[in-house]
There are 2 protein chains.
Amino acid sequence: MFTGLSAFPLTPMNEQGINEYEFVRLVAYLAEAAVDSIGVLGSTGSYAYLNRDERARVIQLSVENAVGAPVIAGIGALRTRDVLANAERAQQAGASGVLLAPVSYQKLTDDEVFDLYATVCQSLSVPLCVYDNPGTTHFEFSDELHGRIAQLPQVRSIKIPPVNNDIDSAKERVTGLRKLIPADVTIGISGDAAAATGLNAGCDAWYSVIGGLYPRAALAITRAAQAGDVQQAKALSDGLEPLWALYREYGGSLRVAATIAEITGKVSQPCLPQPLKTLQAGDRKRVEQVLGQLGLE
Amino acid sequence: MFTGLSAFPLTPMNEQGINEYEFVRLVAYLAEAAVDSIGVLGSTGSYAYLNRDERARVIQLSVENAVGAPVIAGIGALRTRDVLANAERAQQAGASGVLLAPVSYQKLTDDEVFDLYATVCQSLSVPLCVYDNPGTTHFEFSDELHGRIAQLPQVRSIKIPPVNNDIDSAKERVTGLRKLIPADVTIGISGDAAAATGLNAGCDAWYSVIGGLYPRAALAITRAAQAGDVQQAKALSDGLEPLWALYREYGGSLRVAATIAEITGKVSQPCLPQPLKTLQAGDRKRVEQVLGQLGLE
């Protein structure tokens, strides 16, 4: 399940609730494109802003509309108690796997993070992907800690932050981490702009934001890399450079992806939980221009 | 309300719930010591880890046991919807004021933070203190943004991060910020180690962690500074240097304060929400030694 293209859809919402119709349409589009898995309630799915019931409903809708594609569901929360409750609900709703980031308010220690994973794994009957996202959790995993956590039997994948776009240093990163973890634990790349390099450097999966909107474009990159066509994977990714430039300019992928989804009518406006906002005015115009230039579908 | 010593008690809890008896005892001790206000559900009170009902209950217990001292309640949450609900419950429960930090998962923009405060202020009938704590929120206020937010009529105080312990640069910081905000908006210092310097530099309030456990020691520093006895305030604070050293060593005040509370029997062990842990083994021994050395009460 934790290999190939894992596409992460937005969870369209406003202050009244989740737009279930639009969410289902996003999921169905991913299933139709035959992505390898659907990653709901990731950072792109705004999991941290939703309550337990909303999260359970999102997973239920995903499983119902995934046409057999495995659904991986984010279960992160500040408190272990809530992570455990989310894990239980995710399993009940039919998630095939879970994704867990060490979300923090108070900065966490390595021991606290290890114990979080150990506690959650004890209550899990589905496999878990460790979500390493220092940009949102403000927790920096050491390789030693990744190695310890990956020994837990439920852990089957690590979602790593963007690698350096230089292929040699990316290979060094992936190979170095691989040495510390069991052979059946996969490594998945996140950060769309680094995905082709990550896959070319030996990552098993791409946990993809743009794949949640344009699965065919993300699949083309993934399949090229999987077939060993390093040049093609890189060329396809380089073709999306104007999009990666928007991510860099607007502090990450979420606001850009959500703005694209609004512009293209995939979701209603607003689609993000307040206080978050999509891009407006001149910034939105820039996104429109890039979209026109790229001709994604 | 937003002047003098505002003492921030812990919210003792375990995985089953809040220890109401111990919480009430902490609050009653602060009231007895005649602190100027009681700041519940601050970072020290682990607000971010509690649900709406638990927060409302904490505020209700505080108001019932504060013997007339104003209760300031933290209302922060990732989502504006939840901040508004917390604000409503806090007012219903009798809080005299609220404290709001721009908690983040996705990094926030200045406009998003301004709109958060503007939206919340529209629904408030009690005054608000802006909680500037980049260590936990990962949001850096610019002075310009502080100035804009402080114009909102409900805003009456800003809780600023630690100032530099050099008195001249602290004065420059406080004076600089003061120029940008209305005259009736107070500035309060946080970061216990910088409190004497902050008060000596012109801060109106100390939002105090150690004051939540040892109100008399914190009041002595506060009253000296308020009386203009700069040397005495500084000397009293310098006397607590071994405690400030523990804060520095263990990544902030929360784990140290919680460990002290456990060691002294003010709260049961464990008292923090998992995954957070108090200090154990050799680290705990060091806290015990410092406590023995300081003789606080």
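Calculation criteria
Residues numbered from 1 in each chain as written. Chains lettered and ligands numbered in written order. Predicted model: local features only at pLDDT ≥ 70, side-chain atom pairs only at ≥ 80, totals over all residues. Heavy atoms only, no water. Helix = DSSP H or I, 4+ residues; strand = E, 2+ residues; numbered from the N terminus. Rg over C-alpha atoms; globule rule 2.2 N^0.38 Å. Buried < 20%, exposed > 50% of the residue type's maximum accessible area, 1.4 Å probe, protein only. Contact = heavy atoms within 4.5 Å. Areas by Shrake-Rupley, 256 points an atom, 1.4 Å probe, with all protein chains shown as cover. Lys, Arg positive; Asp, Glu negative; His and termini not counted. Charge placed at Lys NZ, Arg CZ, Asp CG, Glu CD. Phe/Tyr/Trp six-rings, centres within 6.5 Å; stacked < 30°, edge-to-face > 60°. Lys NZ or Arg CZ within 6 Å of the ring centre and 35° of its normal. Least-squares fit on C-alpha atoms with pLDDT ≥ 70 in both. Expected span 1.5 Å × (residues − 1). Arc of directions from axis to C-beta. Pairing = 2+ DSSP bridges. Axes fitted to C-alpha atoms, helices over the stretch in contact; angles between N-to-C directions. Parallel < 35°, antiparallel > 145°, perpendicular 65-115°, else oblique. Left-handed = near helix turned anticlockwise from the far one by under 90°. Nonpolar A, V, L, I, M, F, W, Y, C, P; charged D, E, K, R; others polar. 1 Å grid on protein atoms, 1.4 Å probe; cavity = no way out; pocket = protein on both sides within 12 Å on 5 of 7 lines; lining within 4 Å. Points joined across faces, edges and corners; volume = space filled by probe spheres on them. Core = buried A, V, L, I, M, F, W, Y, C linked by side-chain atoms within 4.5 Å. Right-handed = clockwise from strand over helix to strand, strands pointing away.

A. Spatial organisation of the overall build of chain A. Looking only at helices and strands, chain A has 13 helices and 10 strands in total. Whereas a compact globule of 297 residues would reach a radius of gyration of roughly 19 Å, chain A reaches 18 Å, a difference of no more than 12%. A buried classification covers 60% of the 297 residues belonging to chain A. In chain A, the share of contacts with a sequence separation of at least 24, taken over all contacts with a separation of at least 6, comes to 72%. Surface exposure of chain A reaches about 10800 Å², of which carbon and sulfur atoms provide 50%. Charge centroids of chain A, computed over 25 positive and 32 negative side chains, lie 2 Å from each other.

B. Summary view of the packing of aromatic side chains. On inspection of all chains with the given rule, the structure shows 12 aromatic pairs over all chains. Note on Y47 of chain A and Y105 of chain B: the rings are 5.2 Å apart at their centroids and 75° apart in plane angle, and the pair reads as edge-to-face. You can see Y47 of chain A sitting in the loop between β4 (37-40) and α2 (52-65) and its partner Y105 of chain B sitting in the loop between β6 (97-100) and α4 (110-122), one on each of two chains. With respect to class, Y47 of chain A is no different from Y105 of chain B; both count as buried. Put simply, the rings of Y47 and Y49 of chain A together with Y105 of chain B touch in pairs and so form one group of aromatic residues. Sitting over the face of the ring of F114 of chain B, R148 of chain B holds its NZ or CZ atom 4.2 Å from the ring centroid.

C. The arrangement of the relation of the copies chain B and chain A in detail. Between chain B and chain A, the superposition needs a rotation of 180° and an axial shift of 0.0 Å, giving an RMSD of 0.0 Å. What we have between these two chains is a two-fold relation. When C-alpha positions in chain B are compared against the rotation axis, the closest is assigned to H138 of chain B, at 4.2 Å. Both copies share a contact surface, since 100% of the interface residues of chain B are interface residues in chain A too.

D. Molecular detail of helix α7 (residues 167-178) of chain B. Residues and elements named next belong to chain B. Compared with the 16 Å implied by 1.5 Å per residue over 12 residues, the 16 Å span of α7 between its first and last C-alpha is a close match. All of the buried residues in α7 are A170, V174 and L177. Down the axis of α7, the sector holding all buried residues measures 70°, keeping them to one side. For α7, the exposed residues lying more than 90 degrees away from the buried face are D168 and E172.

E. Spatial organisation of the sheet that holds strand β10 (residues 205-208) of chain B. All names here are of chain B. The eight strands are arranged β1-β4-β5-β6-β7-β8-β9-β10 in a closed barrel whose pairing can be described as parallel. Adjacent strand axes in the sheet meet at a mean angle of 25°, parallel and antiparallel pairs treated alike. One ladder, built from three bridges, connects β6 with strand β7 (residues 128-131); its direction is parallel. Counterpart to L99 in the pairing with β7 is C129. Across the sheet, helix α9 (residues 215-226) touches β1 (4-7) and β10, and the angle it forms with β1 is around 155°.

F. Region of interest: the packing of helix α1 (residues 20-32) of chain B against helix α2 (residues 52-65) of chain B. Residue and element names in this part refer to chain B. In contact at an axis separation of 9 Å, α1 and α2 are set at 40° when each is read in the N-to-C sense. The orientation of α1 relative to α2 falls into the category oblique. For α1 against α2, the interelement crossing comes out right-handed. Taking contact as the criterion, the partners of E20, F23, V24, V27, A28 and A31 in α1 are, on α2, R57, V58, L61, S62 and N65. In the contact of α1 with α2, the residues fall into seven nonpolar, two polar and two charged.

G. Representation of empty space enclosed by the protein within the structure. Under the counting rule described, the total for this entry stands at two cavities of 30 Å³ or more. Forming the boundary of the largest cavity are L41, R52, R55, A56, I59, G74, I75, N86, R89 and A90 of chain B. When residues of the lining of the largest cavity are traced back to their parent elements, those giving at least two are α2 and α3 (80-92) of chain B. A per-element tally of the lining of the largest cavity places α2 of chain B first, with four residues. Grouping the constituent residues of the lining of the largest cavity by class yields five nonpolar, two polar and three charged. Counted as a void, the second largest cavity has a volume near 30 Å³. Around the second largest cavity, the lining residues are R52, R55, A56, I59, G74, I75, N86 and R89 of chain A. Residue assignment for the lining of the second largest cavity shows that the elements contributing at least two residues are α2 and α3 (80-92) of chain A. If one sorts the elements of the lining of the second largest cavity by residue count, α2 of chain A sits on top with four residues. Considering only residue class, the lining of the second largest cavity consists of three nonpolar, two polar and three charged.

H. Quick peek at the nonpolar core. Grouped together as the largest cluster of nonpolar side chains are 228 residues, with contacts concentrated most on L128, I149 and L243 of chain A together with L128, I149 and L243 of chain B. Among residues more than four places away in sequence, those in contact with L128 of chain B are F2, V98, L100, Y117, V120, C121, Q154, V155, R156 and S157 of chain B.

I. Spatial organisation of the pairing of strand β9 (residues 186-189) of chain A. All names here are of chain A. Going residue by residue along β9, you find T186 and G188 tucked away on one face and I187 and I189 tucked away on the opposite face as well. With four bridges joining them, strand β8 (residues 155-160) and β9 adopt parallel strand pairing. Residue pairing for β9: S157 is matched across the bridge by T186. With helix α7 (residues 167-178) bridging β8 and the parallel β9, this β-α-β connection has right-handed handedness. Of the pairings in the sheet, the one linking β9 to strand β10 (residues 205-208) comprises two bridges and is parallel in character. Following the sheet pairing, G188 is matched in β10 by A205.

J. Quick peek at α3 of chain B. In this model α3 of chain B runs 18 Å from its N-terminal to its C-terminal C-alpha over 13 residues, within 8% of the 18 Å that 1.5 Å per residue would give. Within α3 of chain B, the full set of buried residues consists of T80, R81, D82, V83, A85, N86, A87, A90 and Q91 of chain B. Turning to α3 of chain B, the residues buried within the fold contact α2 of chain A together with α2, β5 (71-74), β6 and α4 of chain B. Immediately downstream of α3 of chain B, the backbone of G94 of chain B shows phi near 100°, a positive value.

K. Expanded view of the environment of N14 of chain B. Relative to the helices and strands, N14 of chain B is located in strand β2 (residues 13-14). Between the C-alpha atoms of N14 of chain B and G228 of chain B, which are 214 residues apart in sequence, the distance is 42 Å. Setting aside its immediate chain neighbours within four residues, N14 of chain B contacts R79 of chain A together with P270 of chain B.

Everything listed here is a matter of coordinates, which is why it stays silent on function.
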